Amino acid sequence: MLEHIKEFSRHANSYDSHTVIQKEVATHLTCKIKNNPKKVLDLGCGSGAIHRNMKPNYELFIGVDNSANMCELHPKGENTIILNQSFESEEFFKYIKVYAPLDLIVSSSALQWSKNLNNVIKSCKTISDNILFSIFTKGTFKSIYEMTQRESFLPSVEEVVAIVSKYYDIDYEVKRYKLEFDDNISKFRYIKRSGVSGGKKELTLIQTKELIKNYPYSFLEFEVVFISSK
Ligand SMILES: C[S@@+](CC[C@H](N)C(=O)[O-])C[C@H]1O[C@@H](n2cnc3c(N)ncnc32)[C@H](O)[C@@H]1O
């Protein structure tokens, strides 16, 4: 089990209350859906942010998530299939081909976890000409990374755009968010519970304590790239 998946599973029930930004991102992404797609695939569907925001004009909605707890929380229905699998696995893409071509592949706040984004996008191209993704990028928690002199594990906007452009003709938009908190402990709790940290113990206890004491801003920063095929 990957580290960040453990993190999502552990916090699956409290996930919705710690995901203000992901919710906003999912809403913004869903607003970009055009042409009433009939067959939709959601990569890293989580507890169903995209499903909830979508107009119910589709005939088939397939969500995939490798956290069993998240899959349990996702709304189910006659025309909704939820698969507890990894969107990086060969078996998944082999299976999903049965439904190809899909009208849209959507993914919100999930593809930044991909170990090989290139392979995922390449596989997407074999089943759909239309994509709509939001991906957290390197500017997320920028000040924390600068203060602790560490490299973010997240990809840069340029890296993501270069990879997706190999397979799709795209438009993209970068949005930056600031989330205000009353105190530093709440900020670090949010980072842990939201799952955006990747669940990696990247900071030592001493570093974390130092940050909680000295982090100078009242907000956390998030950077997200929204990508759509033309
Ligand atoms: C930040 S959540 C976003 C969930 C949902 N899309 C939303 O907008 O609220 C990321 C989700 O991606 C899932 N995920 C991460 N890597 C995955 C993978 N390789 N295969 C399937 N799901 C994955 C996690 O389990 C988690 O539910």
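Notes on the structure follow. (Residues numbered from 1 in each chain as written. Predicted model: local features only at pLDDT ≥ 70, side-chain atom pairs only at ≥ 80, totals over all residues. Heavy atoms only, no water.)

1. Some thoughts on the packing of helix H6 (residues 117-127) against helix H8 (residues 157-165)
For clarity, the cut-off: Here, axes are lines fitted to C-alpha atoms. For helices the fit covers the stretch in contact, and angles between N-to-C directions go from 0 to 180 degrees. In this text, helices come from DSSP runs of H or I with a minimum length of four residues, and strands from runs of E with a minimum of two, each type numbered from the N-terminal end. The handedness criterion is simple: a crossing whose near helix is rotated anticlockwise from the far helix by less than a right angle is left-handed, and one whose near helix is rotated clockwise is right-handed. Residues count as neighbours in contact if any of their non-hydrogen atoms are within 4.5 Å of one another. Only Asp, Glu, Lys and Arg are considered charged in this grouping, and only Ala, Val, Leu, Ile, Met, Phe, Trp, Tyr, Cys and Pro are considered nonpolar; every other residue, Gly among them, is considered polar.
Their axes nearest at 9 Å, the elements H6 and H8 cross at an angle of 35°. Between H6 and H8 lies a crossing of right-handed hand. Here Leu117, Asn118 and Ile121 of H6 come into contact with H8, specifically with Val160, Ile163 and Val164. For the contact of H6 with H8, the per-class residue count stands at five nonpolar, one polar and no charged.

2. A word on H6
Applicable threshold: Using a 1.4 Å probe on the protein chains alone, a residue whose accessible area is under 20% of its type maximum counts as buried, one over 50% counts as exposed, and one in between counts as partly exposed.
For H6, the complete set of buried residues consists of Leu117, Asn118, Val120, Ile121, Cys124 and Ile127. Buried residues along H6 sit in contact with strand E1 (39-43), helix H5 (90-96), strand E4 (104-108), strand E5 (131-136) and H8.

3. Considering the side chain of serine 89
Where we set the bar: Each polar contact in these results corresponds to two N or O atoms within 3.5 Å; when the atoms are within protein, one needs to be able to donate a hydrogen and the other to accept it, and residues that are neighboring in sequence are counted only if both atoms are side-chain atoms.
Looking at the secondary structure, you find serine 89 in the loop between strand E3 (80-83) and H5. From its side chain, serine 89 meets the backbone oxygen of serine 86 in a polar contact 3.0 Å long. At a separation of 3.2 Å, a polar atom in the side chain of serine 89 contacts the main-chain amide nitrogen of phenylalanine 92.

4. A few points about the sheet that holds strand E2 (residues 60-64)
Formally: Whether two strands pair comes down to DSSP finding at least two bridges between them.
If you walk across this open sheet you meet the seven strands as E3-E2-E1-E4-E5-E7-E6, and the pairing is mixed. Of all the strands in the sheet, just E3 and strand E6 (170-180) have a single pairing partner and so form its edges. Strand-to-strand twist across the sheet, computed as the mean angle between neighbouring axes with direction ignored, equals 20°. Where E1 and E4 come together, three bridges link them in parallel fashion. Its bridge partner being in E4, leucine 41 is matched across the sheet by isoleucine 105. Strands in contact with H6 are E1, E4 and E5; relative to E1, the strand with the most contacts, it is inclined by about 170°.

5. Re the environment of glutamate 221
Tracing the backbone through its elements, the reader meets glutamate 221 in strand E7 (residues 219-229). Assessed through its relative accessible area of 13%, glutamate 221 is described here as buried. C-alpha of glutamate 221 to C-alpha of phenylalanine 141: the two residues are 80 residues apart in sequence and 5.1 Å apart in space. Leave out the neighbours within four places in its chain, and glutamate 221 touches Gly139, Thr140, Phe141, Lys142, Ser143, Tyr177 and Tyr215. Polar side-chain contacts of glutamate 221 include one of 2.7 Å to the side chain of serine 143.

These figures capture arrangement, not role.
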